[in-house]
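Next come the chains, spelled out residue by residue.
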Amino acid sequence: MEALDYHAEERRKAEFNLDEMKIVWAGSRRNYELSDRVARLVASDPVFRKDNRTMLTRKDLFKDTLRKAAHAWKRIIDLRLSEEEANMLRSYVDQPAFTDLHWGMFIPAIKGQGTSEQHEKWLPMAYKMQIIGCYAQTELGHGSNVQGLETTATFDPQTDEFDLHSPTLTSSKWWPGGLGKVSTHAVVYARLITGGQDHGVHGFIVQLRGLDDHLPLPGITVGDIGMKFGSGAYNSMDNGLLRFDHVRIPRNQMLMRVSQVTREGKFVQSDVPRQLVYGTMVYVRQTIVSDASCALARAVCIATRYSAVRRQFGSQNGGPEIQVIDYKTQQSRLFPLLASAYAFRFVGEWLKWLYTDVTQRLQANDFSTLPEAHACTAGLKSMTTSVTADAIEECRKLCGGHGYLSNSGLPELFAVYIPTCTYEGDNVVLLLQVARFLMKTVSQLGSGKKPVGTTAYMGRAEHLMQCRCEVEMAQDWLKPSTILEAFEARAVRMSIACAKSLGKFSNPEDGFAELSPDLVEVAIAHCQLIVVSKFLEKLQQDIPGKGVKRQLEILCNVYALHLLHKHLGDFVATGCITPNQGALANEQLRLLYAQVRPNAIALVDAFNYTDHYLGSILGCYDGNVYQKLYQEAWKDPLNDTVVPDGYLEYLRPILKQHIRTARL
Ligand SMILES: CC/C=C\C/C=C\C/C=C\C/C=C\CCCCC(=O)SCCNC(=O)CCNC(=O)[C@H](O)C(C)(C)COP(=O)(O)OP(=O)(O)OC[C@H]1O[C@@H](n2cnc3c(N)ncnc32)[C@H](O)[C@@H]1OP(=O)(O)O
Ligand SMILES: Cc1cc2nc3c(=O)[nH]c(=O)nc-3n(C[C@H](O)[C@H](O)[C@H](O)COP(=O)(O)OP(=O)(O)OC[C@H]3O[C@@H](n4cnc5c(N)ncnc54)[C@H](O)[C@@H]3O)c2cc1C
């Protein structure tokens with residue numbers, strides 16, 4: 001018997017080839033096939049069940065995480081999965097674990113900052129998971145200010161060793177994932193001291209626990225920092241604390257690609273810029289942008305499918321009520337998020353390319369694109385994670401009361417997702433880095449140095465400062481060049497206005513501090529321009545499949561025009577557009593929503609998420625929401641007994657007292 005599909009009618013409405021859209025979303029046919037196979041593999045494996053995890057105690061959740069990680073590793077070995085497939089498998093298991101940090105930061109830190117001898121020694125053990133590592137940078141007293149870290153690594157020429165020490169309470173390492181209970185090793189960031197001189201923060205490979213008994217090595221105090229936001233959620237991770245009491249490590253465990261310490265204790269700074277010590281963060285920020293599109297797509301998929309099932313008001317002659325997805329307000333809240341998911345997907349693809357390019361250049365000692373890579377990864381990490389975190393909460397509200405149920409999947413997704421706005425760089429701190437980069441670019445405009453890459457538009461500042469938007473009718477807003485010029489003009493005008501204001505301060509640092517809220521806005525305008533322009537560039541590509549390109553054009557316009565509507569103040573205040581042109585953009589936006597509507601369900605189907613990965617009754621593929629909610633309610637442990645525990649001790653006496661009082 002064919003299973004009932006409550007979305008069948010919605011799916012029939014789609015005006016594009018879904019299979020081709022799935023490939024666009026995945027990046028290529030190969031990626032699609034790989035990811036589809038791995039997602040199904042995880043979904044069909046009972047060990048990876050996750051429907052009960054919000055009910056587990058912290059200890060049970062942690063043990064469950066260890067069990068899943070061990071099982072995942074077994075599957076990876078047994079099935080001889082490639083590194084790419086293994087990463088996919090871990091991400092579909094969808095439970096934050098120490099392995100994220102081992103593969104995502106410990107290994108990349110050694111690869112990026114270690115010498116070839118260090119690669120040869122450490123990487124084979126790490127790849128086989130004979131050692132498990134984490135990334136121990138943040139301290140109790142300092143996270144954002146990396147140069148403010150206090151842990152010391154003092155070279156002792158007598159023994160050819162470093163002495164790792166935590167001199168203060170605030171120097172305790174605090175937060176590293178995987179550190180609390182699992183990691184045998186860590187890349188520890190500490191101030192390098194040689195001959196009494198402080199050379200700033202560098203990375204060191206330090207063994208923390210015995211490989212036979214898992215006990216902390218002498219001089220090491222290590223443990224978990226405690227429960228975090230939400231039930232389940234990120235509590236599967238053992239974020240840890242760590243203190244060193246004069247722990248000795250051999251000299252060759254300092255990561256020495258950027259700087260070296262010789263046998264005699266001489267500090268040698270190579271030609272490689274010191275910022276490469278921050279390289280692992282750049283790598284992870286880049287991956288976080290792609291992950292943002294996945295998390296956003298997940299929330300949007302749940303809210304869209306549920307909005308098509310849910311009906312409220314408007315029944316005519318006893319007929320069905322209106323699907324909430326047909327309310328214009330619902331569309332104006334939901335469809336920009338759907339468009340943003342696609343936009344972040346494409347900018348994530350581009351950022352991956354940029355990162356690969358900069359890595360290849362670094363290997364050839366070309367450091368010219370490093371500032372651009374830093375600004376793009378920092379800015380886009382910040383912008384996409386902030387939008388996604390807010391969007392998950394918006395999707396919860398779009399699902400009304402049922403969105404607040406744990407089994408909607410949204411509370412847990414929110415709790416797991418929100419720390420991305422903080423980790424790997426606080427989002428405001430990162431936007432200020434972008435602003436610095438932009439102000440530097442503006443200051444060099446008259447010097448003959450041509451801005452390149454994502455700031456190339458600033459080379460056309462003269463035109464962009466005085467150009468007038470030519471929109472006369474709503475449909476004029478559909479011209480890519482019109483949209484692009486409006487975003488470029490807004491970004492450049494905001495940058496130059498801020499640069500001028502900065503120029504009024506005698507001390508530039510005072511000016512930067514004073515104007516920092518405006519500078520954050522400038523950075524956001526620049527990042528939004530990048531996302532819009534990369535979406536438009538994507539549309540220049542040959543995109544096969546009936547109606548696929550057309551849908552993407554619609555989504556691109558929704559993305560750009562909803563931003564224009566949201567930030568109308570910026571656009572109008574900088575004189576890029578008139579208030580009337582702003583109103584025309586809004587008119588066009590409404591027309592675009594009507595075009596998205598029949599395709600909405602198919603556009604979220606294109607994410608190809610299994611019900612297992614989505615983990616949401618409201619977002620389940622077949623849309624059989626009410627029956628599933630009803631069945632699920634009875635599985636709650638509170639419903640194991642008809643009369644609850646505690647009735648005799650606490651409820652009955654009150655009720656009886658009531659009866660006694662009534663009798664009086
Ligand atoms: C299921 C998942 C599966 C797989 C996922 C795969 C991978 C993901 C893995 C794990 C993810 C899971 C969990 C996440 C765990 C999170 C881990 C962490 O949070 S680690 C700790 C992160 N910490 C931070 O990000 C700290 C933020 N602070 C900084 O980066 C810096 O201190 C600063 C704010 C940039 C300031 O640094 P500093 O004071 O040194 O710099 P200045 O402002 O003086 O600038 C000097 C100069 O340097 C340039 N610059 C700064 N940073 C960089 C850089 N990274 N690269 C290149 N250049 C940089 C800066 O622009 C200045 O340039 P100038 O103006 O002089 O030209
Ligand atoms: C779940 C999670 C996992 C983590 N995993 C790891 C890990 O594996 N390894 C690791 O080393 N670290 C890890 N961290 C730590 C994380 O990287 C830091 O918390 C993060 O970099 C932010 O630093 P902070 O906590 O010092 O924030 P703070 O800098 O103290 O921020 C507090 C507030 O001050 C503001 N602020 C700070 N500086 C400025 C400024 N210059 N200008 C304007 N405003 C400013 C911020 O915007 C923010 O509002 C993790 C954190 C979390 C939450």
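You'll find the chain entered in an unreviewed UniProt entry as Acyl-coenzyme A oxidase, with Hibiscus trionum given as the organism. The heading Subcellular location (unreviewed entry) in the UniProt record of the chain holds the text "Peroxisome". One UniProt comment on the chain, placed under Cofactor (unreviewed entry), says "FAD".

**Thoughts on the overall build of the chain**
Helices and strands together make up the secondary structure of the chain, namely 23 helices and eleven strands. Taken against the 2.2 N^0.38 rule, which gives 26 Å for 664 residues, the C-alpha radius of gyration of the chain at 27 Å falls within 12% of a compact globule. Taking the principal axes of the C-alpha coordinates as reference, the chain spans close to 90 × 75 × 65 Å. Counting all 664 residues of the chain, 53% fall into the buried class.

**Observations concerning the environment of P250**
Turning to its location among the elements, P250 is positioned in strand β9 (residues 247-250). Its relative accessible area of 37% is what places P250 among the partly exposed residues. Taking C-alpha positions, P250 is 9.4 Å from V206, a pair spaced 44 residues apart along the chain. Dropping the residues within four chain positions of it, P250 is found in contact with D160, E161 and F162.

**Observations concerning the nonpolar core**
In globular proteins that are soluble, nonpolar side chains generally tend to be buried together. Formed by 141 residues in total, the largest nonpolar core has its most connected members in L338, Y342, W477, L552 and F607. Broken down by element, this core gets its largest block of residues, 16 residues, from helix α9 (residues 328-363). Apart from the residues lying within four places of it in its own chain, the contact partners of L338 are V300, L555, V596, L603, V604 and F607. By size, the runner-up hydrophobic cluster in this structure holds 38 residues, among which are Y189, V284, L362 and L370.

**A closer look at the site of ligand 1**
The local shell around ligand 1 holds 28 residues, among which S144, Q147, Y278, E424 and K440 are the closest. Q137 places a side-chain nitrogen or oxygen 3.3 Å from a nitrogen atom of ligand 1. Within the contact set of ligand 1, a nitrogen atom lies 3.3 Å away from a side-chain nitrogen or oxygen of H374. Tallying contributions element by element places helix α8 (residues 279-309) first for the shell around ligand 1, with five residues. Split into classes, the residues belonging to the shell around ligand 1 amount to twelve nonpolar, eleven polar and five charged.

Cut-off values and rules
- Residues numbered from 1 in each chain as written.
- Chains lettered and ligands numbered in written order.
- Predicted model: local features only at pLDDT ≥ 70, side-chain atom pairs only at ≥ 80, totals over all residues.
- Heavy atoms only, no water.
- UniProt positions renumbered as here; feature names shortened; annotations may be inferred.
- Helix = DSSP H or I, 4+ residues; strand = E, 2+ residues; numbered from the N terminus.
- Rg over C-alpha atoms; globule rule 2.2 N^0.38 Å.
- Buried < 20%, exposed > 50% of the residue type's maximum accessible area, 1.4 Å probe, protein only.
- Contact = heavy atoms within 4.5 Å.
- Core = buried A, V, L, I, M, F, W, Y, C linked by side-chain atoms within 4.5 Å.
- Near = heavy atom within 4 Å.
- Polar contact = N/O pair within 3.5 Å; in protein donor to acceptor, adjacent residues only side chain to side chain.
- Nonpolar A, V, L, I, M, F, W, Y, C, P; charged D, E, K, R; others polar.

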